[in-house]
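Report on the structure
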Amino acid sequence: MDPEIAVLASTAGTTLVTLLTTEVWQRARDGVASLWRRAEPERADAISAELDVTRSELLVAQAGGDLESSGELSAEWQGRLRRLLAAHPEETEALRTLLTELTPHTPAESSVTQHANASGQARVYQAGRDQNFDRR
């Protein structure tokens with residue numbers, strides 16, 4: 001699988017789960033369901049219902065102080081989105097567009113996006129925070 005698609009699916013899964021507990025959760029759910037509606041129409045309603053269940057699980061987990069559930073559910077949706085894009089790469093641009101629309105609504109503390117392109121013998125170093133190098 002194209003590494004860029006894997007990163008996109010990862011970012012999208014995390015963003016989606018984060019937004020399911022905000023005021024734009026319906027827009028996030030509808031946007032993701034629309035991906036399936038185009039690619040696999042027979043599954044679109046089930047995906048929408050599964051997102052509602054995910055939202056309910058997150059709200060219960062947050063109320064109980066469960067900090068692990070969000071990461072687990074994010075990983076689950078990352079996998080689903082990755083498999084969707086692997087089977088239907090034509091939906092990649094639609095997912096990028098959806099993320100662009102939703103990103104301004106993502107709480108700042110959970111939003112990290114990094115992109116890099118390298119060619120030839122170039123090196124790319126990225127970090128979400130501190131980065132240290134040891135010369136050898």
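Okay, so let's go over this structure. (Residues numbered from 1 in each chain as written. Predicted model: local features only at pLDDT ≥ 70, side-chain atom pairs only at ≥ 80, totals over all residues. Heavy atoms only, no water.)

The next thing to look at is the overall build of the protein chain. Of the regular secondary structure elements, the protein chain holds five helices and zero strands. Its helices and strands in sequence order give the protein chain the pattern α-α-α-α-α, from N to C terminus. The buried share of the protein chain, taken over its 136 residues, is 35%. In the protein chain, of all internal contacts separated by at least 6 residues, the share reaching a separation of at least 24 is 69%. (Helix = DSSP H or I, 4+ residues; strand = E, 2+ residues; numbered from the N terminus. Buried < 20%, exposed > 50% of the residue type's maximum accessible area, 1.4 Å probe, protein only. Contact = heavy atoms within 4.5 Å.)

With that settled, consider the pattern of salt bridges. If you walk through the whole model with that rule in mind, you get nine salt bridges. When the shortest N-O distance is used, the salt bridge between E101 and R27 registers 2.3 Å. Taken together, the residues E101 in helix α5 (residues 92-102) and R27 in helix α2 (residues 25-39) connect sequence positions 74 residues apart. Owing to a relative accessible area of 38%, E101 belongs among the partly exposed residues under this scheme. Relative accessible area serves as the criterion here: at 37%, R27 is assigned to the partly exposed category. The partner of R80 in a salt bridge is E76, with the nearest N and O atoms 2.9 Å apart. Here E76 and R80 lie together in helix α4 (residues 69-87), a separation of four residues that amounts to about one turn. The class for R80 is buried, based on a relative accessible area of 18%. Note on E76: relative accessible area 34%, which makes it partly exposed. (Salt bridge = Lys/Arg side-chain N within 4 Å of Asp/Glu carboxyl O.)

The next subject is the side chain of S74. Along the chain, S74 falls in helix α4. Relative accessible area serves as the criterion here: at 6%, S74 is assigned to the buried category. Those residues within four positions of S74 in sequence are excluded, and the remaining contacts are G13, T14 and V17.

With that settled, the discussion passes to the nonpolar core. By size, the foremost hydrophobic cluster in this structure holds 28 residues, and its most contacted members are L16, V32, W36, L51, W77, L81 and L95. Of all elements in the fold, only α1 (3-19), α2, α3 (44-63), α4 and α5 reach the threshold of two or more residues within this core. The biggest single contributor to this core is α1, with seven residues. In this structure, L51 is in contact with L16, L20, R29, V32 and W77, ignoring residues within four places of it in sequence. (Core = buried A, V, L, I, M, F, W, Y, C linked by side-chain atoms within 4.5 Å.)

This brings us to α1. Over its 17 residues, α1 extends 24 Å from the first C-alpha to the last, a length consistent with the 24 Å expected when each residue adds 1.5 Å. Here α1 has its buried residues at I5, L8, A9, A12, G13, T15, L16, V17, T18 and L19. Of the surrounding secondary structure, the elements contacted by the buried residues of α1 are α2, α3, α4 and α5. Its side-chain oxygen 3.0 Å from the backbone nitrogen of E4, D2 forms the N-cap of α1. (Expected span 1.5 Å × (residues − 1). Polar contact = N/O pair within 3.5 Å; in protein donor to acceptor, adjacent residues only side chain to side chain.)

The tally for this structure, following the rule as stated, stands at one aromatic pair. Ring geometry for W36 against W77: centres 6.4 Å apart, planes inclined by 85°, an arrangement best described as edge-to-face. Remark: W77 occurs in helix α4 and W36 occurs in helix α2; sequence separation between them is 41 residues. Classification of W36 by relative accessible area gives buried; the value is 2%. Taking the relative accessible area as the measure of exposure, W77 reaches 0% and is therefore buried. (Phe/Tyr/Trp six-rings, centres within 6.5 Å; stacked < 30°, edge-to-face > 60°.)

Nothing here speaks to function; it is all geometry.
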